[in-house]
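Here is what each chain is made of, one letter per residue.
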Amino acid sequence: MLIRASLLSAPSLQELRFEADGGLVVDGKGSITDAGAFEAVSARHPGMVVEDLRPFWILPGLVDLHAHLPQYEAVAADGLELLPWLERHIFPAEARFADGAHARATARTYLRDALSLGTTTTVLYATIHAEATDAIFQEAEACGIRAVIGKTMMDRHAPGSLREDTETSLRDSEELCRAWHGRDGGRLQYAFTPRFAPSCSRELMLGAGRLAQKYGAFIQTHLAENLQELEWVRELFPEADSYTDVYRRFGLLGSRTLLGHGIHLAPAERRVLRESGSHLIHCPSSNAFLQSGIMPLRKWLGEGLSVGLGTDVGAGPSLSMFREMGEACTASKLRRAAQTVQTARLSQVPGLSEEQKLLVAGALDLDPQPALDAVGAFHLATRGGAEALGLGDRLGRLEPGFDADFLVVDIRQADPLKRVSADPAHVLSRLVYRSDPHLVQAAYVRGRRCFHRSGT
Ligand code: GUN
Ligand code: ZN
């Protein structure tokens, strides 16, 4: 198949690649075998049938690295910070996943909605329920999305209906991993999912780390999201130097580890994360919604930390990664604006020495870098996400040798007057800041069309 359309991708945080009249060849195995200017590509493939999609644009599929599928029905339950929000709104929704039929129906809706908004790769928390987790895997297998999924593990500090014993949690998780990890040529993968340190015993975390190692599976959990949570972790793990050190001690860090949030991190923790090759998942809409804080994203990136993007539904109110990209830019700008004000105020405090000012700047994680822009956010949501999953050589680019995970986007939906434009930077900025739910016309994973907007 030779597709004709404009091609847009972001190979790095600063770089946009655009082909106004592009051609993309996808083979029967779902790989991109040729890409570039349409004239040149079509000349290399004489006689190949052309699917002319103009004026639509082709973008790499979006990667949502952190979301809770069972929380979909509880999105936008406002008014509380993390810990009381979990108790009041989230645990009751997760308890309902004891009903396998409800889990399956929610999964079907969730995955369809995610694809319709451009997510072709999703990393999901299920609940503690093995049957529900299995149903989510089955629905992901059927609809064609690329997914990393894990049964949430909790053996303490959870309501009775969501608390497991340690052995059962490890056994059920291992069984699910054996059944699903690597299924369909690696399209589906397993993540051992100890929810977060407060809801896991030491034995559970140790066991999860060992099993992930044994099967080459992912590990996902939450890290340093909320100040109350940090205090609780300090009380529960007095032997650890920090929140990050808890996970290090129990063998949960490494290049297959995805850590949600990571907002409040001391320099020593950042060093451990960097050296272990662990990945932080920035969830800006959730961080705003639960008033958790604003990640110093540019500072973390500048220090060499690996960071991807996630919606964190249901603390994030939307499944749209376009919207999440916009939220990431807005959060970065707000942090920068606050910093400008703080720095100005600091300079006006009488009697502060330069040394004291530097100490304050360090404590506030002040960041000299400019705010994240749409190109950077697009990179994080595509190639950056692929790299966090160890798929940087397969996903996130529109180039030969990469898997054909891509979106067909109607850029007119983001234009106030519904016009076509050839200014890639401005169009991208509009896609990100005006994330219209009708942008995506079709979504492909490994060349298979998994979503198609009817009527186009
Ligand atoms: N920390 C532990 N569990 C959760 C959760 O479900 N959502 C968020 N945002 N943070 C968590
Ligand atoms: Zn989360």
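Up top you'll find the structure we're talking about.
Here the structure is a predicted model, which means the values were calculated and not measured.

### Details of the overall build of the protein chain
A tally of regular secondary structure across the protein chain gives 16 helices and 16 strands. Taking the principal axes of the C-alpha coordinates as reference, the protein chain spans close to 70 × 60 × 35 Å. When each of the 456 residues of the protein chain is scored for burial, the buried share is 58%. By sequence separation, contacts in the protein chain at least 24 residues apart represent 73% of the contacts at least 6 residues apart. Entry remark: accessible area of the protein chain is about 17500 Å², with carbon and sulfur atoms responsible for 52%. Each charge class in the protein chain can be summarised by its mean position, and for the 49 positive and 56 negative side chains these summaries are 3 Å apart.

### Focus on the coordination of the zinc ion (ligand 2)
Distances from the zinc ion (ligand 2) to its protein donors, H66 (NE2), H68 (NE2), H222 (NE2) and D312 (OD), fall within 2.0 to 2.4 Å. Here the zinc ion (ligand 2) binds four donor atoms, and the angle range of 89 to 167° at the metal identifies the geometry as irregular. Sequence spacing of the donor residues for the zinc ion (ligand 2), all on one chain, is H-x1-H-x153-H-x89-D. Taken together, the residues span a long stretch of sequence, with H68 in strand β5 (residues 62–68) and H222 in strand β10 (residues 218–223) at a distance of 154 residues. Comparing H68 with H222 shows no difference in burial state: the two are buried.

### Some points on the nonpolar core
Residues Y247, L280 and F322 are the most contacted members of the largest nonpolar core, which totals 110 residues. If we ignore the near neighbours within four places in the chain, the residues touching L280 are L223, L259, G262, L265, L273, M295, W300, L305, S306, V307 and G308.

### Re the environment of D155
Within the secondary structure, D155 is located in the loop between β8 (152–153) and α5 (166–180). Separated by 47 residues in sequence, D155 and R202 have C-alpha atoms that sit 9.9 Å apart. Contacts of D155, omitting those with residues within four sequence positions, involve R163, E164, D165, T166, S199, C200, S201 and L204. At 2.8 Å, the side chain of D155 and the side chain of T166 are in polar contact.

### Comments concerning the site of ligand 1
Taken together, H68, Q71, L82, W85, L86, R195, F196, H222, E225, H261, D312 and A315 are the residues near ligand 1. Interatomic distance of 2.8 Å between a side-chain N/O atom of D312 and a nitrogen atom of ligand 1. Within the complex, the protein chains bury 100% of what would otherwise be the 280 Å² of accessible surface of ligand 1. Among the elements that line the shell around ligand 1, the one with the most residues is helix α2 (residues 82–95), at three residues.

### A look at the packing of α5 against helix α7 (residues 202–215)
Running from N to C, α5 and α7 cross one another at 15°; their axes reach a closest spacing of 10 Å. By the angle class used here, α5 and α7 are roughly parallel. Pair α5 / α7 crosses with right-handed handedness. For the pair formed by α5 and α7, the contact residues are T166, S169, L170, E174, C177 and R178 on the first element and E203, L204, G207, A208, L211, K214 and Y215 on the second. Grouping the amino acids of the contact of α5 with α7 by side-chain chemistry returns six nonpolar, three polar and four charged.

Calculation criteria
- Residues numbered from 1 in each chain as written.
- Chains lettered and ligands numbered in written order.
- Predicted model: local features only at pLDDT ≥ 70, side-chain atom pairs only at ≥ 80, totals over all residues.
- Heavy atoms only, no water.
- Helix = DSSP H or I, 4+ residues; strand = E, 2+ residues; numbered from the N terminus.
- Buried < 20%, exposed > 50% of the residue type's maximum accessible area, 1.4 Å probe, protein only.
- Contact = heavy atoms within 4.5 Å.
- Areas by Shrake-Rupley, 256 points an atom, 1.4 Å probe, with all protein chains shown as cover.
- Lys, Arg positive; Asp, Glu negative; His and termini not counted.
- Charge placed at Lys NZ, Arg CZ, Asp CG, Glu CD.
- Donors = N, O, S within 2.8 Å, 3.2 Å for Na, K, Ca; no water.
- Tetrahedral: all angles 85-135°; square planar, octahedral: opposite > 155°, others 65-115°.
- Core = buried A, V, L, I, M, F, W, Y, C linked by side-chain atoms within 4.5 Å.
- Polar contact = N/O pair within 3.5 Å; in protein donor to acceptor, adjacent residues only side chain to side chain.
- Near = heavy atom within 4 Å.
- Axes fitted to C-alpha atoms, helices over the stretch in contact; angles between N-to-C directions.
- Parallel < 35°, antiparallel > 145°, perpendicular 65-115°, else oblique.
- Left-handed = near helix turned anticlockwise from the far one by under 90°.
- Nonpolar A, V, L, I, M, F, W, Y, C, P; charged D, E, K, R; others polar.

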